[in-house]
Protein chains: 2
Amino acid sequence: MARVVVDVMLKPEILDPQGQAISRKLPQMGFEGIGAVRQGKRFELELEGEADEEALDRVRKIAETLLANPVIENFEVRVL
Amino acid sequence: MARVVVDVMLKPEILDPQGQAISRKLPQMGFEGIGAVRQGKRFELELEGEADEEALDRVRKIAETLLANPVIENFEVRVL
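Residues numbered from 1 in each chain as written. Chains lettered and ligands numbered in written order. Predicted model: local features only at pLDDT ≥ 70, side-chain atom pairs only at ≥ 80, totals over all residues. Heavy atoms only, no water.

In the nomenclature of an unreviewed UniProt entry, chain A corresponds to Phosphoribosylformylglycinamidine synthase subunit PurS from the organism Actinomadura adrarensis. Of chain A, the UniProt comment under Subunit (unreviewed entry) reads exactly: "Part of the FGAM synthase complex composed of 1 PurL, 1 PurQ and 2 PurS subunits." A UniProt comment under Pathway (unreviewed entry) is attached to chain A, and it reads "Purine metabolism; IMP biosynthesis via de novo pathway; 5-amino-1-(5-phospho-D-ribosyl)imidazole from N(2)-formyl-N(1)-(5-phospho-D-ribosyl)glycinamide: step 1/2." (UniProt positions renumbered as here; feature names shortened; annotations may be inferred.)

Written out as structure tokens, the structure is:
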């Protein structure tokens, strides 16, 4: 049984208000030295079989159709 | 300028209804061979300086106090 991670982040040109809110809050909390913050999603999928190319292709299709919105988000699939 | 990732996932013993909803939806969409799904958060932080131990310690404190809820979530800090 393999585990695969799908990281989903907003495209760089898309405004990320959640990340901005965190970034603005940090100095008020005494944390200096952090610039921009971006917030995204991380999914961990357990495969019933091996993480071969066919399985990873399936995960990419799942990411495209269910986990990410390809209009505004990029995603990356990798084996854990 | 360095980039650091903070991955935040629910602890294994905490129920993840979002992940379960995805996992249940997959067979209906024609995707077989996927077991459990867990959904978490991913943060990308830009450091103004280098990602040395001091900076990573600061990021760990930020994760603990602002990005994750240590009662129900685990987090992991790594340099991109």
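Back to the text.
**Some remarks on the sheet that holds strand E3 (residues 73-79) of chain A**
A sheet is described by the order of its strands in space; here six strands give the open sequence E3(A)-E1(A)-E2(A)-E2(B)-E1(B)-E3(B), paired in antiparallel fashion. The two strands at the open ends of the sheet, each matched to only one other strand, are E3 of chain A together with strand E3 (73-79) of chain B. Mean inter-strand twist for the sheet, computed between neighbouring axes without regard to direction, equals 25°. Pairing geometry for strand E1 (residues 2-10) of chain B and strand E2 (residues 34-47) of chain B, over seven bridges, is antiparallel. Bridging across to E2(B), Asp7(B) finds its partner in Arg42(B). Lying over the sheet, helix H1 (residues 17-28) of chain A contacts strand E2 (34-47) of chain A together with E2 of chain B, oriented at roughly 130° with respect to E2(A). (Pairing = 2+ DSSP bridges. Helix = DSSP H or I, 4+ residues; strand = E, 2+ residues; numbered from the N terminus. Axes fitted to C-alpha atoms, helices over the stretch in contact; angles between N-to-C directions. Contact = heavy atoms within 4.5 Å.)

**Focus: the interface of chain B and chain A**
Contact residues are listed per partner, giving 32 residues for chain B and 31 residues for chain A. Buried area between chain B and chain A, summed over both chains or domains, comes out near 2,800 Å², and the portion from carbon and sulfur atoms is 64%. On the chain B side of the interface with chain A, the three residues burying the most area are Phe31(B), Ile34(B) and Arg42(B), jointly 19% of the side's total. Inspection of the region where chain B meets chain A yields two salt bridges. Note that Arg42(B) is salt-bridged to Asp7(A), the shortest N-O span being 3.0 Å. For the interface between chain B and chain A, the tally reads 14 residue pairs in polar contact (both at pLDDT 80 or more). Looking at the side of chain B that touches chain A, the elements with two or more residues in it are E1, helix H1 (17-28), E2 and helix H2 (53-67) of chain B. Per element, the largest residue contribution to the side of chain B that touches chain A is 14 residues, and it comes from E2(B). Split by residue class, the side of chain B that touches chain A holds 15 nonpolar, five polar and 12 charged. Taken together, the 11 bridges between E2(A) and E2(B) define a ladder with antiparallel strand orientation. Residue pairing for E2(B): Glu44(A) is matched across the bridge by Arg38(B). (Buried area = accessible area lost by both parts, 1.4 Å probe. Salt bridge = Lys/Arg side-chain N within 4 Å of Asp/Glu carboxyl O. Polar contact = N/O pair within 3.5 Å; in protein donor to acceptor, adjacent residues only side chain to side chain. Nonpolar A, V, L, I, M, F, W, Y, C, P; charged D, E, K, R; others polar.)

**So, the layout of surface pockets**
One number sums up the size of the largest pocket: a volume of about 320 Å³. At the level of elements, E2 of chain A together with E1, E2 and E3 of chain B are the ones that each hand at least two residues to the lining of the largest pocket. Reported here for the second largest pocket is a volume of approximately 260 Å³. Counting residues per element, the lining of the second largest pocket draws most heavily on strand E1 (residues 2-10) of chain A, at four residues. Class assignment of the residues belonging to the lining of the second largest pocket gives a composition of seven nonpolar, one polar and seven charged. (1 Å grid on protein atoms, 1.4 Å probe; cavity = no way out; pocket = protein on both sides within 12 Å on 5 of 7 lines; lining within 4 Å. Points joined across faces, edges and corners; volume = space filled by probe spheres on them.)

**Examining the relation of the copies chain B and chain A**
Once chain B has been moved 0.0 Å along the axis and rotated by 180°, it coincides with chain A to within an RMSD of 0.0 Å. As the rotation angle and translation indicate, the two copies are arranged about a two-fold axis. Scanning chain B for the C-alpha nearest the rotation axis identifies Lys41(B), at a separation of 2.2 Å. In this assembly the copies share their binding face: 97% of the residues contributing to the interface of chain B also contribute to that of chain A. (Least-squares fit on C-alpha atoms with pLDDT ≥ 70 in both.)

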